[in-house]
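# A closer look at the structure
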Amino acid sequence: MKRLNPQSTPTPSEPKTLGASSMRRTPGARVGNHETSPATRNVVEIEKPIYGGAFLARAEGKAVFVPLTLPGEQVSIRITQNKSGYSTAELTEILTPSPQRIRPSCPHFGTCGGCNYQHTSYENQLEFKEAILRETLERTGIQSPDHIAILSANPWSYRNRVRLAFDADGNPGYRTRRSHALIPIAECPISAPLLLSAARASADYLHRVPANLRPKELSLFCDPSESALLATFFAPDSASIRLEPLAQALHERIPALKGAELAADGRPGHPARTLAKWGEPAISYAAAGFNYRVDQGAFFQANRWLVDALVECVTQGQSGELAWDLFAGVGLFARKLTSTFARVVAVESAPPAVISLEQNLNGTTGTAVRASTLDFLRQSSAGERPDLIVLDPPRTGLSPEIITLLAGTAAPTLVYVSCDPATMARDLRALIASGYSIHSITLADLFPQTFHLETVVHLRHA
């Protein structure tokens, strides 16, 4: 479940992809002004959606992945990359449009890399995701259940967190779909309106600042009512940016701003380093009947409409003496479990999240443990047996050693919360081999309009 950044756009020499004005096409209509000769044009029929946002077609028997299309469409494509087992392509012409194609709500769709499915209805998107989830499980050798429950809500204005970058003129934007270039963003209908307002207000101030004193990126996080906001500005280590006047100017425009940080981005795999702070270090986030403290940089679920339902899905009907919440974050699930378990142990290693976790469990039956999940399991392998283990790992899933240690605990119930169906299916296969069976699967659509899907799997030990 962790975290998406909108990304991508075509280079000037490439065909313009589908935007709001080009999504309804008559047969034979071209996409943009790119012309293809009969010798280079590939005509294919789109078969089905695949994980990652593209759709599958075949050219001379070879799999071709084509974004911005729909099943049943006959389209003309241009191959952009050839691999041994598959090719990627760009859409150049819709020859036979699908009746399920609609006009997207965002004028940046097709160029911006944040969304994948705005050209079809939300009901259709959910069908895509369920089909992808079932196929991923079955490809791994796991029989998917007859019924997969769906958690969904308003598919617009749901994001409580965004990360934008500033272009050379100080305008906020997202990465484009096919490169690391930026596209300035006038609107973002999947995000809470406060976030874009704060991005624009930041840009207004930065336009008056020399380019060498501007931050490069901005991360924003708000509570569900849009009454409290945290901002993190990212800059090179060597930048001489003054945070206080920037934060004060933003606060004057956006009174909901409670705290801000200036951070230097670390190397890949390393956390950002805080250079300066302004205001409060955290905000209060009302969810699932509690007020959670969420500190700057701590992970929290991104869909403000579905947090309560997700917590209910994970914790409903669970009770006993001892529960472990592994990869606990700020304690979203652990705090709820303290109502029904005599003891709850919540394990987290990320420093910003641990601070929040300790505060959120203060005065409850819960205990926060500052450790990685692997280290905790190594130390607890010969200890108590929990009645419930909740797992919410990063996109990479569980390591083989973690799965072996989990199998050794033989906890009666596991709840696996996943943000990547492929790594989840891999891990489920190993857990099933160790004695667990799938009790239920729920698809939680935390990221409408995008290919991302969350899954909650309840497992029981034999």
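Calculation criteria
Residues numbered from 1 in each chain as written. Predicted model: local features only at pLDDT ≥ 70, side-chain atom pairs only at ≥ 80, totals over all residues. Heavy atoms only, no water. Helix = DSSP H or I, 4+ residues; strand = E, 2+ residues; numbered from the N terminus. Contact = heavy atoms within 4.5 Å. Areas by Shrake-Rupley, 256 points an atom, 1.4 Å probe, with all protein chains shown as cover. Buried < 20%, exposed > 50% of the residue type's maximum accessible area, 1.4 Å probe, protein only. Salt bridge = Lys/Arg side-chain N within 4 Å of Asp/Glu carboxyl O. Pairing = 2+ DSSP bridges. Axes fitted to C-alpha atoms, helices over the stretch in contact; angles between N-to-C directions. Right-handed = clockwise from strand over helix to strand, strands pointing away. Arc of directions from axis to C-beta.

A few words on the overall build of the protein chain. When its secondary structure is counted, the protein chain shows 9 helices and 24 strands. If you take every contact in the protein chain between residues at least 6 apart in sequence, the share linking residues at least 24 apart comes to 64%. Carbon and sulfur atoms provide 50% of the accessible area of the protein chain, an area that totals close to 19,200 Å².

Moving on, we get to the environment of A211. Along the polypeptide, A211 turns up in the loop between helix 2 (193–206) and strand 12 (217–222). Given a relative accessible area of 45%, A211 falls into the partly exposed group. For the pair A211 and G170, spaced 41 residues apart in the sequence, the C-alpha separation amounts to 7.7 Å.

We now examine the pattern of salt bridges. Summed over all chains, the structure comprises 18 salt bridges. Note that R177 and E90 form a salt bridge whose closest N and O atoms lie 2.8 Å from each other. On the criterion of sequence distance, the pair formed by R177 in the loop between strand 10 (172–175) and strand 11 (182–184) and E90 in strand 7 (residues 86–96) is long-range, its members being 87 residues apart. For R304, the salt bridge is made with E226, and the minimal N-O distance between the two is 3.2 Å. Of the two residues, R304 is situated in the loop between strand 17 (290–295) and helix 4 (307–315) and E226 in the loop between strand 12 and strand 13 (229–235); the sequence distance between them amounts to 78 residues.

With mixed pairing, 7 strands are arranged side by side in an open sheet as 11-10-9-12-13-14-15. Each of the sheet's edge strands pairs with one partner strand only, and the pair in question is strand 11 and strand 15 (273–279). Averaged over neighbouring strand pairs, the angle between their axes works out to 30 degrees when direction is ignored. Across 6 bridges, strand 14 (residues 257–264) lies against strand 15 in antiparallel orientation. Counterpart to A260 in the pairing with strand 15 is W278.

Another aspect to go through is the pairing of strand 19 (residues 341–348). Of all 8 residues making up strand 19, 6 are buried, and the element is well covered by its neighbours. Regarding the hand of the β-α-β motif, the stretch spanning strand 18 (residues 320–326), helix 5 (residues 332–337) and strand 19 is right-handed. Where strand 19 meets strand 20 (residues 366–370), 5 bridges bridge the pair, whose relative direction is parallel. In the sheet register, E348 faces strand 20, and the bridge partner there is R370. In terms of handedness, the path from strand 19 via helix 6 (residues 351–361) over to strand 20 forms a crossover that is right-handed.

Before going further, it helps to examine helix 6. Turning to helix 6, its buried residues are A353, V354, S356, L357, N360 and L361. For helix 6, the buried positions fall inside an angular range of 165 degrees around the axis, keeping them on one side. Close packing links the buried residues of helix 6 with strand 17, helix 5, strand 19 and strand 20. Among the residues trailing helix 6, G363 stands out with phi positive, at a value near 80 degrees.

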